[in-house]
Amino acid sequence: MRYWDASAIVPLLVQEPHTAAARALLAEDAGIVTWWGTRIESTSAIARLERASALTPRQAGEAIEALRALAAGWHEILPADVVRETACRLLRVHPL
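Described in the following lines is the structure provided in the data block. On a predicted model such as this, the values are computed, not experimentally measured, just so you know.

### Considering the overall build of the protein chain
Turning to step 1, where the next piece is worked out: In terms of helices and strands, the protein chain carries five helices and three strands.
Turning to step 2, where the next piece is worked out: Listing every helix and strand of the protein chain by position from the N terminus yields β-α-α-β-α-α-β-α.
Turning to step 3, where the next piece is worked out: Taking the principal axes of its C-alpha atoms as reference, the protein chain extends roughly 45 × 30 × 25 Å.
Turning to step 4, where the next piece is worked out: Relative to its 96 residues, the protein chain shows a buried fraction of 28%.

### Some details on helix α1 (residues 6-13)
Turning to step 1, where the next piece is worked out: In terms of burial, α1 is a largely internal element, six of the eight residues being buried.
Turning to step 2, where the next piece is worked out: Close packing links the buried residues of α1 with α2 (19-28), β2 (32-35), α3 (38-51) and α4 (57-73).

### Some details on the side chain of S42
Turning to step 1, where the next piece is worked out: Positionally, S42 belongs in helix α3.
Turning to step 2, where the next piece is worked out: Apart from residues lying up to four places away in sequence, S42 is in contact with A6, I9, V10 and L67.

Parameters and conventions
- Residues numbered from 1 in each chain as written.
- Predicted model: local features only at pLDDT ≥ 70, side-chain atom pairs only at ≥ 80, totals over all residues.
- Heavy atoms only, no water.
- Helix = DSSP H or I, 4+ residues; strand = E, 2+ residues; numbered from the N terminus.
- Buried < 20%, exposed > 50% of the residue type's maximum accessible area, 1.4 Å probe, protein only.
- Contact = heavy atoms within 4.5 Å.

This is the structure we're talking about:
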């Protein structure tokens, strides 16, 4: 199981330079853990691509549907004070 953020999820949904690598990682381990905002961030990225004419409305719609299907099977980290506080503490301890 891996943690996936929107920058890793979006290439699974639309053709990008890192699509092949993202799909290979998903094929190795289909378990996805992400935070509750990933679906929102991914939708935003898809909408931005559509506004920039990098995706047609049909492609964007298909990507959103694929996102919904993917999200139905992933594990989501929900918002909570303990998660936020732990993240802040870890940022002070570990360089990212």
